Amino acid sequence: ETGVTQTPRHLVMGMTNKKSLKCEQHLGHNAMYWYKQSAKKPLELMFVYNFKEQTENNSVPSRFSPECPNSSHLFLHLHTLQPEDSALYLCASSQVQSSGYGYTFGSGTRLTVV
Amino acid sequence: SQQGEEDPQALSIQEGENATMNCSYKTSINNLQWYRQNSGRGLVHLILIRSNEREKHSGRLRVTLDTSKKSSSLLITASRAADTASYFCATAVIYNTDKLIFGTGTRLQVFP
């Protein structure tokens with residue numbers, strides 16, 4: 001375990017479903033990130049929260065909705081997804097939003113949209 | 001084309017051999033980081049090298065950085081089967097250091 005916990009590990013959902021991904025860290029970090037990892041593509045940064053405030057939305061479709069109730073928890077709410085949204089969704093955290101620190105990643109949620 | 005590109009895309013070696021992976025980038029950086037990802041898992045931070053550093057070591061890992069060529073290399077010495085994973089470089093672009101930009105990775109297979 002890295003200290004960043006993601007649940008569920010696997011998720012299969014239909015295009016009309018609504019589901020949520022959860023990320024939790026107790027490392028005392030203040031920045032949290034959502035990344036999307038698709039086969040043969042670089043990791044795509046989706047959202048960044050720094051001290052609970054969203055600081056980055058990387059042109060992500062509105063069917064993905066992040067929520068950060070506190071510095072330890074991050075959610076990604078999903079609705080009316082498309083098959084091309086199937087991917088590994090990774091959560092990461094760092095001391096603060098700065099690339100001067102290494103990121104700690106969770107194990108990811110493998111999402112399949114059918 | 002993207003900021004960070006690893007080369008080769010895939011590498012197969014025998015246990016005990018050294019593995020070298022390269023990363024090239026386009027825009028000046030503040031630092032460069034290497035991560036490892038085991039199949040279907042999250043990324044693990046290996047090493048961070050700053051733009052004013054040329055070489056860094058951590059155990060069997062050796063990272064070099066050549067800012068004039070905009071390239072970095074990761075050397076794993078005396079590889080083990082457990083080193084089988086994908087390796088990614090991530091760059092912190094200067095003047096935009098709030099985030100890391102990852103490449104597509106090198107898939108390393110170490111045969112026992």
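Located above this text is the structure these notes cover.
Definitions and limits used
- Residues numbered from 1 in each chain as written.
- Chains lettered and ligands numbered in written order.
- Predicted model: local features only at pLDDT ≥ 70, side-chain atom pairs only at ≥ 80, totals over all residues.
- Heavy atoms only, no water.
- Helix = DSSP H or I, 4+ residues; strand = E, 2+ residues; numbered from the N terminus.
- Rg over C-alpha atoms; globule rule 2.2 N^0.38 Å.
- Buried < 20%, exposed > 50% of the residue type's maximum accessible area, 1.4 Å probe, protein only.
- Areas by Shrake-Rupley, 256 points an atom, 1.4 Å probe, with all protein chains shown as cover.
- Lys, Arg positive; Asp, Glu negative; His and termini not counted.
- Charge placed at Lys NZ, Arg CZ, Asp CG, Glu CD.
- Salt bridge = Lys/Arg side-chain N within 4 Å of Asp/Glu carboxyl O.
- Pairing = 2+ DSSP bridges.
- Contact = heavy atoms within 4.5 Å.
- Buried area = accessible area lost by both parts, 1.4 Å probe.
- Polar contact = N/O pair within 3.5 Å; in protein donor to acceptor, adjacent residues only side chain to side chain.
- Nonpolar A, V, L, I, M, F, W, Y, C, P; charged D, E, K, R; others polar.
- Axes fitted to C-alpha atoms, helices over the stretch in contact; angles between N-to-C directions.

A.B. asks: Can you help me understand the overall build of chain B in this one?
C.D. replies: Across its full length, chain B carries zero helices and eleven strands. Listing each helix as α and each strand as β along chain B from the N terminus yields β-β-β-β-β-β-β-β-β-β-β. Computed over the C-alpha atoms, the radius of gyration of chain B is 13 Å, within 12% of the 13 Å expected from 2.2 N^0.38 for a compact globule of 112 residues. Based on the C-alpha atoms only, the size of chain B along its principal axes is roughly 45 × 25 × 20 Å. Burial analysis of chain B (112 residues in total) assigns 46% to the buried set. When the accessible area of chain B is evaluated, it comes to approximately 5,300 Å², of which 43% is carbon and sulfur surface. Distance between charge centres in chain B, computed from 13 positive and 10 negative side chains, equals 4 Å.

A.B. asks: Help me understand the pattern of salt bridges in this model?
C.D. replies: Where charged atoms of side chains with opposite charge meet at close range, the side chains can pair. All names here are of chain A. The final tally for this structure, using the stated rule, is four salt bridges over all chains. Ionic pairing is found between Arg 63 and Asp 85, a salt bridge with its closest N-O pair at 2.7 Å. Of this pair, Arg 63 sits in the loop between strand E6 (53-57) and strand E7 (64-70) while Asp 85 sits in the loop between strand E8 (73-79) and strand E9 (87-94); the two residues are 22 residues apart in sequence, bridging distant segments of the chain. Here the two residues Arg 63 and Asp 85 agree in accessibility, since each one is buried.

A.B. asks: Before we go on, may I ask you to explain the pairing of strand E1 (residues 4-7) of chain B in this structure?
C.D. replies: Strand residues, when the strand is regular, have side chains that alternate between the two faces of the sheet. Residue and element names in this part refer to chain B. The alternating pattern of E1 places Gly 4 and Glu 6 on a buried face and Glu 5 and Asp 7 on a face that is not buried. Pairing geometry for E1 and strand E3 (residues 19-25), over four bridges, is antiparallel. In the strand pairing of E3, Gly 4 is matched with Tyr 25.

A.B. asks: Help me understand the interface of chain B and chain A in this model?
C.D. replies: On the chain A side, the residues contacting the 21 residues of chain B number 21 residues. A buried area of about 1,700 Å², summed over both sides, lies between chain B and chain A, and 50% of it is on carbon and sulfur atoms. Where chain B touches chain A, the interface holds zero salt bridges. At the boundary of chain B with chain A, the tally comes to four residue pairs in polar contact (both at pLDDT 80 or more). If you list the elements that add at least two residues to the side of chain B that touches chain A, you get strand E4 (29-37), strand E5 (43-50), strand E9 (85-93) and strand E10 (100-102) of chain B. Its residues assigned to classes, the side of chain B that touches chain A comprises seven nonpolar, ten polar and four charged.

A.B. asks: Any chance you could explain the sheet that holds strand E6 (residues 55-58) of chain B here in plain terms?
C.D. replies: For sheets, the rule is that strands pair by backbone hydrogen bonds, running either parallel or antiparallel. All names here are of chain B. Reading across from one edge, E1-E3-E8-E7-E6 is the order of the five strands in this open sheet, with antiparallel pairing throughout. Of all strands in the sheet, those with a lone pairing partner are E1 and E6, marking the two edges. The sheet shows a mean angle of 15 degrees between the axes of neighbouring strands, taken without regard to direction. Strand direction decides the pairing type here: E6 and strand E7 (residues 61-66), joined by four bridges, are antiparallel. Residue pairing in the sheet places Lys 56 in a bridge with Val 63 of E7.

Everything listed is a geometric property; what it means functionally is a separate question.
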